[in-house]
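# Per-entry structural report
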Amino acid sequence: MEIKNYDCYINGEWIKKSSGEKIEVENPANGEVFASMYVSDESEAQLALESAEKAQFAWQMLPANERAKYLYAITDRLGKEKEHFAKLLVMEQGKTLAEAYGEVDDTIRYINYSAEAGRRIQGSIFPSDNPNEQLSIHKVPYGVTVGLMAFNYPLALIGRKIGPALITGNTMVIKPSELTPITASEFCRLVHDAGLPKGVISMVVGYGPSLGKFLVENPITRLISMTGSTRAGQAIYKSASTNVAGLVLELGGKAPFIVLEDANIDKAVEAAVISRYANCGQVCICNEMVFVDDKIADEFTDKLLKRVQQIRVGNPMTAVDMGPNVSPVGLKRINEIVQQNIAAGAELALGGKRPEGAEFEKGNWYEPTVLLNVKEDHASIQEEMFGPVLPIVKINGYEEAKALLNKRDDSLSAYLYTQNHNIMMRSIQEFQIGTIFMNKHIVGYIQGYHSGHKKSGFGGEDGVYGIEEYLQKRTIYMDYSS
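Report follows, based on the coordinates. (Residues numbered from 1 in each chain as written. Predicted model: local features only at pLDDT ≥ 70, side-chain atom pairs only at ≥ 80, totals over all residues. Heavy atoms only, no water.)

## Notes on the pairing of strand E9 (residues 171-175)
- The element E9 is largely enclosed, with a buried count of five among its five residues.
- Across the two faces of E9 the burial is the same, with Thr-171, Val-173 and Lys-175 and Met-172 and Ile-174 all buried.
- Pairing of strand E8 (residues 144-148) with E9 involves five bridges; the strand directions are parallel. Residue Thr-145 lies in a different strand from E9, and its bridge partner there is Met-172.
- Following the backbone out of E8, through helix H5 (residues 156-167) and into the adjacent parallel E9, one traces a crossover that is right-handed.
- Alignment of E9 against strand E10 (residues 201-203), held across three bridges, turns out to be parallel. Across the sheet, Val-173 pairs through a bridge with Ser-202, a residue of E10.
- Chirality of the crossover, the property in question, places the unit of E9, helix H6 (residues 182-193) and E10 among those that are right-handed. (Buried < 20%, exposed > 50% of the residue type's maximum accessible area, 1.4 Å probe, protein only. Helix = DSSP H or I, 4+ residues; strand = E, 2+ residues; numbered from the N terminus. Pairing = 2+ DSSP bridges. Right-handed = clockwise from strand over helix to strand, strands pointing away.)

Structure representation (structure tokens):
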């Protein structure tokens, strides 16, 4: 198979040769290297930041509706190449083709929503304490921003960040995950063809502890938007303090899927399966563990096991329900957690190994897995798995579920299945969490707000509140008496 080399994109130009170190990108379904890209060195990262700084003020001074036209030009091209990008996502990240088409559609929606919001950025005017004066508050861009992407949604996360960054007058240097840099390079081709001014968007590729740290600590950088693990977010939080840069951090989660005794069990089972095994479990707001009331636990579990057995695993380019994990490292970690749980007394009800068959001998495959008799201190409850493993814990009602949820620091999202309206309303006030899916499977609407509490994040993305994250407030006291 021919290995195609892709390039980074800096100041409107393709960088053909970087540090000399090369990243090889494997297809998660078969382990074959299908593409490569040179790692950017610090001099190139510096050039990207400097070009972003040079372009920023002129970009800011364009009317927002003019900036929006460039965003629409990008999404128009992305829509025309939907099949190409969907298949690239399957090859690079391992999600199913249906999920990949959905990711392309989501990316278009994210960017277009931001473009539409250009005319709706609002400031405020307040009464002055004195005559012939005006007090106004304007919203202005930060300047140069850096977007650090996770591997699970290589395209959508770019759209989620560049849309609000650019419509508000910022420029952005993006750094994709080293596991999935190819989609980002291809996206920059669309940026180039759309005619964006040089420096408004640049892309560099490298590793978080080195190149990412350089971008975050650089004095040119005024805001960092990052999607990734809590550990990485903590490092960025510290590094950004050097220049007191702004932060939008969407970090790790460990969403409990709470099923109370009055829940619609069939609906809860379907939602639990969809919300766990989507994208092979590699979604930050995935159902990471079920807390089910012991009064209905047996019925719920029996139905869930039957439903999980219906999941079709296979070539993600075909009509299947689940593809492979993105990397061998991720696969190894998932299996280690499962084996630790079994050693600690958990029951392996389904899965727990690589699927059988010739097509699964290579690549990062793992069967949809369910663990029973899981305890609170087991590894599958304590650690974010980011894989197709579902531990089930029996609880005694809402109060116990709430206590288990609120004692955690990874407070990104939770699911609650109940028909008790009193409990539903109480959970809004009592759950210390960023998002609650109430009688609803995993979803993310562009007009919502995606944010974590505690150690799951700082700031957030999507909707009007997400766009606000890319704006600073500037207060004006004006005396016009003479």
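## Points about the packing of helix H1 (residues 42-61) against helix H7 (residues 208-217)
- Two numbers describe how H1 lies on H7: the axes approach to 10 Å, and their chain directions differ by 35 degrees. As for the relative orientation of H1 and H7, their crossing is right-handed in sense. Here Glu-42, Ala-45, Gln-46 and Leu-49 of H1 lie close against H7, whose contacting residues are Leu-211, Phe-214 and Leu-215.
- The residue makeup of the contact of H1 with H7, split by class, is five nonpolar, one polar and one charged. (Axes fitted to C-alpha atoms, helices over the stretch in contact; angles between N-to-C directions. Left-handed = near helix turned anticlockwise from the far one by under 90°. Contact = heavy atoms within 4.5 Å. Nonpolar A, V, L, I, M, F, W, Y, C, P; charged D, E, K, R; others polar.)

## Here's the deal with the sheet that holds strand E5 (residues 33-38)
- Strand order in the open sheet formed by three strands is E1-E5-E4, with mixed pairing between adjacent strands. Two strands bound the open sheet, and with one partner strand each, they are strand E1 (4-6) and strand E4 (22-26). When strand polarity is set aside, the average angle formed by the axes of neighbouring strands in this sheet is 30 degrees.
- Looking at chain direction, E1 and E5 are connected through three bridges and run parallel.

## Quick notes on the sheet that holds strand E25 (residues 471-479)
- Across the sheet, three strands lie side by side as E6-E7-E25; this open sheet has antiparallel pairing. Edge positions in the open sheet fall to strand E6 (124-126) and E25, since each of these has one partner strand only. On average, adjacent strands in this sheet sit at an angle of 20 degrees to one another, irrespective of strand direction.

## Some remarks on H7
- Buried within H7 are the following residues: Leu-211, Gly-212, Phe-214, Leu-215 and Val-216.
- On its buried face, H7 sits against H1, E8, E9, strand E11 (223-227) and helix H8 (230-240).

## Let's talk about the side chain of Arg-160
- Along the polypeptide, Arg-160 turns up in helix H5.
- Given a relative accessible area of 13%, Arg-160 falls into the buried group.
- Side-chain polar atoms of Arg-160 contact the side chain of Asp-462, separated by 2.6 Å.
- Non-local contacts of Arg-160, meaning those with residues more than four positions away in its chain, are made with Tyr-110, His-450, Glu-461 and Asp-462. (Polar contact = N/O pair within 3.5 Å; in protein donor to acceptor, adjacent residues only side chain to side chain.)

## Notes on the side chain of Asp-410
- Counting through the fold element by element, Asp-410 comes out in strand E18 (residues 410-411).
- We classify Asp-410 as buried; its relative accessible area is 17%.
- Of note is the side chain of Asp-410, whose polar atom sits 2.8 Å from the side chain of Arg-408.
- Sequence-distant contacts of Asp-410, defined by excluding residues within four places in its chain, comprise Gly-252, Gly-253, Lys-254 and Ser-456.

## Some thoughts on the packing of helix H9 (residues 265-277) against helix H10 (residues 297-308)
- In the contact formed by H9 and H10, the axes pass within 9 Å of each other and the chain directions differ by 50 degrees. It follows from the interaxial angle that H9 and H10 lie oblique. Judged by the sense of rotation from one axis to the other, the crossing of H9 with H10 is right-handed. Every residue of H10 that contacts H9 at Ile-265, Asp-266, Ala-268, Val-269, Glu-270, Ala-272, Val-273 and Tyr-277 is listed here: Glu-299, Phe-300, Lys-303, Leu-304, Arg-307 and Val-308.
- In terms of residue class, the contact of H9 with H10 is made up of nine nonpolar, no polar and five charged. (Parallel < 35°, antiparallel > 145°, perpendicular 65-115°, else oblique.)

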